[in-house]
Amino acid sequence: MTAPPSSSDANAPAQHFEVRPFAAPVGAEVIGLDISKPISTEDFARIHKAHLDHHVLVFRCQQITPQEHIDFSRRFGPLEIHVLHQFQLKDHPEILIVSNIKENGEPIGLGDAGVYWHSDISYKPKPSLGSLLHAQELPSEGGDTLFADQHLAWESLSPELQQRILPLKAEHSYLAKYEELRAKNPWRPKLSQAQIDQVAPAVQPVVRTHPETGRKALFVSEHFTTRIVGLPQDESDALLAQLFAHSVKPEFVYRHTWAPHDLVFWDNRSLMHLAAGTPDHLRRRLNRTTIVGDTPF
Ligand code: OGA
Ligand code: MN
């Protein structure tokens, strides 16, 4: 189940694929790559570079199994096992089911993942490097996912504000919005003490440096950031509100409309994302893997 990904791909034949940037601030489409086939070292290097350049890659038409989704994800790093183990795919704990579907009155997956802007797992000391969502069942309307470029958000702040926030740290908490979400979505499980212990708040830099590209990015979010460390609560609230509003301006955003079998791989160190929402009567289901990243600096 958690065997290391195959290393025999070194001798795999080259696949012929194209990386086509979107007419958007971030994102590119990868056309012609089959993730269920072995990927050579050179092809993998191209994918890796495209991911760093564009921050979100859309691999079209991937008819892959959960195990192939896991194996591809693991080439980028170890995988996170989500605290809501209720929503793990059977026999594949590395996959979190993201879905609004109920079977026999019971939700089959996390139904409200991403209702606030966020970067995955920023509430842990080692937040996620990136996440991969694979479309399983899509609604006939709605269900888009938005991605906002936090390098552009940082770079477009005034020099005065950049200077003010550069040394700051902020607290990120999984529990901050949990009870609010649970009140709206009563299917959200009451967390056990063991689950609560796994998600103690983490302190993160307000501005992080991407460990691979060296670019700075804003790293605060509506979903998980509760306060700026060392500021009085009213000042902290005002500064966070200003940064939240700035960080998701339309000029930083790519809106993804899902097509069947899309696999979308984004960089949580560069982007925040948001679920635009699905009408309640329409079914939507995606499988997610989440790659563990480094300690932000
Ligand atoms: C997630 C998430 C957004 C969506 O799975 O991490 O935020 O559109 N999903 O489902
Ligand atoms: Mn998410």
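By convention here, each chain's residues receive numbers from 1 onward along its written sequence. Following the order in which they are written, the chains are lettered starting with A and the ligands numbered starting with 1. Restriction of local features to residues with pLDDT of at least 70 applies here, the model being predicted, together with a cutoff of 80 or more for giving and counting side-chain atom pairs; totals for whole chains, interfaces and linings are based on all residues. The side-chain quantities take in all heavy atoms of the structure and omit both hydrogens and water.

**Here we look at helix α2 (residues 66-74)**
Note on classification: 1.4 Å probe, protein chains only; a residue is buried when its accessible area is under 20% of the maximum for its type, exposed when over 50%, partly exposed between these limits. Secondary structure elements are defined from DSSP: runs of H or I of at least 4 residues count as helices, runs of E of at least 2 residues count as strands, and each element is numbered from the N terminus. Listed as buried for α2 are H69, I70, F72 and S73. Along the long axis of α2, the arc covered by the buried residues comes to 165 degrees, so they all point the same way. Taken from the helix axis, the directions to the C-beta atoms give the arc we talk about.

**Focus: the layout of surface pockets**
Definitions used throughout: a 1 Å grid over protein atoms alone; a cavity as a set of points that fits a 1.4 Å probe which cannot get out; a pocket as an open set with protein on both sides within 12 Å along at least five of seven lines; a lining residue as one with an atom within 4 Å of a point. Grid points are joined across faces, edges and corners, and a volume is the space filled by probe spheres set on the points. The computed volume of the largest pocket comes to approximately 470 Å³. Lining the largest pocket are 23 residues, and of these N100, G111, D112, T278 and D280 sit closest to its centre. For the lining of the largest pocket, the elements supplying multiple residues, two or more each, are β5 (92-99) and α5 (178-184). Three categories are distinguished: nonpolar for Ala, Val, Leu, Ile, Met, Phe, Trp, Tyr, Cys and Pro, charged for Asp, Glu, Lys and Arg, and polar for the others, with Gly belonging to the last. Partitioned by chemical class, the residues of the lining of the largest pocket number 11 nonpolar, 7 polar and 5 charged.

**Quick notes on the coordination of the manganese ion (ligand 2)**
The protein atoms that coordinate the manganese ion (ligand 2) are H118 (NE2), D120 (OD) and H273 (NE2), at distances spanning 2.1 to 2.2 Å. Each donor residue of the manganese ion (ligand 2) lies on one chain, and together they are spaced H-x1-D-x152-H. Taken together, the residues D120 in the loop between β7 (106-107) and β8 (128-137) and H273 in strand β17 (residues 271-275) connect sequence positions 153 residues apart. On the basis of relative accessible area, H273 is assigned to the buried category, the value being 6%. Metal sites are built from N, O and S donor atoms within 2.8 Å, or 3.2 Å for Na, K and Ca, and they leave out water, so they may look incomplete.

**Looking at the nonpolar core**
Throughout this description, the term nonpolar core refers to a set of buried Ala, Val, Leu, Ile, Met, Phe, Trp, Tyr and Cys residues connected via side-chain atoms within 4.5 Å. Ranked by internal contacts, the top residues of the largest apolar core, which has 27 residues, are V56, L84, F147, Y174, Y254, V264 and W266. If you list the elements that add at least two residues to this core, you get β3 (56-59), β5, β8 and β16 (263-267). A contact between two residues is defined here by any heavy atoms of the two lying within 4.5 Å. Apart from residues no more than four positions distant in its own chain, L84 is found in contact with L96, L110, Y174, Y178, R188, P189, L191 and Q195. Counting residues in hydrophobic clusters, the runner-up holds 26 residues, among them I47, A50, F72 and L79.

**Description of empty space enclosed by the protein**
All told, the structure shown has 3 cavities of 30 Å³ or more when counted by the stated rule. When its volume is computed, the largest cavity comes out at roughly 290 Å³. Looking at the largest cavity, it is lined by 24 residues, and the ones nearest its centre are A113, G114, H118, D120 and R288. For the lining of the largest cavity, the secondary-structure elements that each account for two or more residues are α5, β17 and β18 (285-292). Top element by residues in the lining of the largest cavity is β17. It accounts for 3 residues. Taken together, the residues of the lining of the largest cavity break down into 14 nonpolar, 6 polar and 4 charged.

**Comments concerning the sheet that holds strand β1 (residues 18-21)**
Each strand in a sheet pairs with another by means of backbone hydrogen bonds, the pair being arranged parallel or else antiparallel. Across the sheet, which stays open at both edges, the 8 strands sit in the order β1-β2-β3-β16-β8-β18-β5-β4 with mixed pairing between neighbours. Bordering the open sheet on either side are β1 and β4 (88-89), each of which pairs with just one other strand. Note: β4 against β5, 2 bridges, orientation antiparallel. Paired with L89 across the two strands is H92, which belongs to β5. A fitted line through C-alpha atoms represents every axis, and for helices the fit uses only the stretch in contact; the resulting angles, taken between N-to-C directions, go from 0 to 180 degrees. Where helix α1 (residues 41-54) meets the sheet, it contacts β1, β2 (28-31), β3 and β16, and its direction lies at approximately 130 degrees from that of β3. Here α2 sits on the sheet in contact with β3, β4, β5, β8, β16 and β18, set at roughly 110 degrees to β5. Paired strands, in this sense, are two strands between which DSSP finds at least two bridges.

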